[in-house]
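# Results of the structural survey
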Amino acid sequence: MMDQIVQHLKSSGHVFIATHVEPDGDAIGSLLALGLAFESRGIKVTMYNESPIPAVYRFLSSVNRIVHDAAVVIDCDTAIILDCGNIHRIGRVAEKVSQIPFVINIDHHITNNGFGQLKYVDTSACATAEIIYRLIKLMDVTITGEMAASIYTGIMTDTSSFRFSNTNQAAFSICEEMIALGVKPNDIAKRVYGTYSLGRIKLLNLALDSIEISANGKLSMMTLTREMMDETETSSEDTDGLINYARNIEGVEVAVLIQENQNGYKKIRGSKRSTINVSLRSDGAVDVSRIAASFGGGGHISAAGFTANADTTLLGIKKKILGLAEQLWPR
Ligand code: 5GP
Ligand code: MN
C-alpha cells in the first residue's frame with residue numbers, strides 16, 4: 001500500500017495536503033513533515049488547514065506555509081488527507097477536494113470510513129506522524145531539523161507525552177531518532193505545554209466548577225459555554241487538555257467535555273445558534289469511539305469526539321450524556 005502511494009506521488013503534478021479543522025499537534029506536525037518532505041523531493045505541494053494555527057504550534061516556522069484559502073484546490077491532481085476519519089473533517093472544502101482525481105487517505109483512527117482511492121490507515125500507529133515518518137523513510141528523504149521537530153511534536157502531543165494507551169515502541173524509537181537529528185525534547189515540551197494565557201487559567205477555574213458527575217460516579221461531564229469563553233477572552237485553542245481534569249478524577253471511566261463552538265453559528269428556525277462540540281475520553285474500559293460514531297463523529301477507543309446536531313441545545317446534549325451513564329452501566 002505504502003509503495004503504491006509512493007509510486008503514485010512520483011507522477012503527481014501538484015499535491016494538496018490537508019488535515020482536520022481545529023488542528024492538534026499531530027495534524028500540524030504530520031502536515032508539515034509530509035509537505036516539507038515532498039518539497040525536498042521536488043514535488044509541488046499546497047498545505048491546507050481551514051482553521052487558524054494554535055499559538056503553541058507556531059514555533060514550527062513552516063506553519064506560515066499552511067494556507068487557509070480553499071481557492072488553491074483547483075489545479076491539484078492529488079489530495080492527501082491526514083489524520084481524518086472521514087473527508088468532511090477537513091471542513092468546507094471537502095466537497096471540492098473530493099473532486100480531485102486522486103485522493104489518498106492516511107490516518108490512524110479506528111472509525112476511519114475508508115474514503116479515497118488509496119488509503120493507509122493503521123490503527124496501531126500512535127499518531128498519524130508515525131505513518132508519515134514511515135512514508136518519508138520510504139521516499140528516501142533526508143529528514144531536516146524542522147521535519148524532525150514536526151514528527152516529534154505529532155507523536156508527543158497525540159500520546160500526551162507518552163502517557164496514553166496508544167503509546168507504542170515506535171513512539172519512542174522514532175522520537176529517539178528525531179532527537180539524534182537535533183530535536184530538543186525540553187524545548188518542544190516548553191513550547192507546547194509551557195505557557196498558558198491568563199485567560200486559559202481563568203477558563204480552567206470555570207471549567208473545573210462546571211464538572212458534574214453521574215450518580216454512579218463513573219462519568220464526568222465538563223461544560224464550556226460561549227459566555228465562559230467570552231468572559232475569559234479565550235478561544236478553542238485555550239481549551240486543549242482541559243478534559244483531562246475531568247478524566248483523571250478517581251473512579252471516573254468516561255469523561256465528556258461539552259463545548260459551545262464560538263464561530264460555528266448555524267441559523268435554526270430564524271435564530272442564530274452555536275454548534276456544540278463534544279469530546280470523549282475513557283480509561284480504556286469503554287470504547288468511546290463507538291459512542292462518538294453513534295452521534296455521527298469518531299475517533300479512537302480512549303479519545304473521540306463529535307459535533308452535535310445543530311438543533312441540539314446545550315441542555316439537551318447534557319441530558320443525553322447523563323443518560324449515557326445509565327446505558328453504559330445498567331444497574
Ligand atoms: P478531541 O476531543 O481532542 O477534539 O478529539 C479526540 C479524537 O476524536 C481525535 O482523534 C479526533 O480526531 C476525534 N474527533 C473529534 N471530534 C470529531 C468529530 O466531530 N468527528 C470525528 N469523526 N472525529 C472527531
Ligand atoms: Mn492523530
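So, here is what we can say about the structure in this document. All values derive from a computational prediction rather than experimental measurement.

## Details of the sheet that holds strand E1 (residues 14-19)
- Pairing is parallel across the open sheet formed by five strands, whose spatial order is E2-E1-E3-E4-E5. This sheet does not close on itself; its edge strands, each paired only once, are strand E2 (44-48) and strand E5 (118-121). Sheet twist, expressed as the mean angle between neighbouring strand axes with direction ignored, is 15°.
- Relative to strand E3 (residues 78-82), E1 runs parallel, the two being bridged by five bridges. Among the inter-strand pairings, Val15 is bridged to a residue of E3, identified as Thr78.

## Focus: the packing of helix H5 (residues 145-158) against helix H6 (residues 169-180)
- Packing of H5 against H6 brings their axes to within 9 Å, and their N-to-C directions diverge by 150°. The angle between H5 and H6 places the two elements in the roughly antiparallel class. Classified by chirality, the crossing of H6 by H5 is left-handed. Facing Ala148, Ile151, Tyr152 and Ile155 of H5, the residues of H6 in contact are Ala171, Ile174, Cys175, Met178 and Ile179.
- Partitioning the contact of H5 with H6 into residue classes produces nine nonpolar, no polar and no charged.

## Some remarks on the nonpolar core
- By size, the foremost hydrophobic cluster in this structure holds 55 residues, and its most contacted members are Ile17, Phe38, Ile80, Ile106, Ile155 and Met178.
- With eight residues, helix H2 (residues 25-40) is the largest single contributor of residues to this core.
- Discounting chain neighbours no more than four positions away, the residues touching Ile106 are Ile80, Ile81, Leu82, Asp83, Tyr120, Thr128, Ile131, Ile132 and Leu135.
- With 21 residues, the next largest nonpolar core counts Ile258, Ile276, Ala304 and Leu324 among its residues.

## Quick look at the packing of aromatic side chains
- Under the criterion given, the structure shown has three aromatic pairs.
- Ring geometry for Phe295 versus Phe306: centroids 4.4 Å apart, planes at 5°, classification stacked. Residue Phe295 is located in the loop between helix H11 (288-294) and strand E10 (298-299), and its partner Phe306 is located in strand E11 (residues 303-307); the two are separated by 11 residues in the primary sequence.
- Of the residues examined, Phe295 reaches a relative accessible area of 24% and is grouped as partly exposed.
- Residue class for Phe306 comes out buried when judged on its relative accessible area of 5%.

Thresholds, definitions, all that
- Residues numbered from 1 in each chain as written.
- Chains lettered and ligands numbered in written order.
- Predicted model: local features only at pLDDT ≥ 70, side-chain atom pairs only at ≥ 80, totals over all residues.
- Heavy atoms only, no water.
- Pairing = 2+ DSSP bridges.
- Helix = DSSP H or I, 4+ residues; strand = E, 2+ residues; numbered from the N terminus.
- Axes fitted to C-alpha atoms, helices over the stretch in contact; angles between N-to-C directions.
- Parallel < 35°, antiparallel > 145°, perpendicular 65-115°, else oblique.
- Left-handed = near helix turned anticlockwise from the far one by under 90°.
- Contact = heavy atoms within 4.5 Å.
- Nonpolar A, V, L, I, M, F, W, Y, C, P; charged D, E, K, R; others polar.
- Core = buried A, V, L, I, M, F, W, Y, C linked by side-chain atoms within 4.5 Å.
- Buried < 20%, exposed > 50% of the residue type's maximum accessible area, 1.4 Å probe, protein only.
- Phe/Tyr/Trp six-rings, centres within 6.5 Å; stacked < 30°, edge-to-face > 60°.

Any functional reading would require information that these geometric values do not contain.
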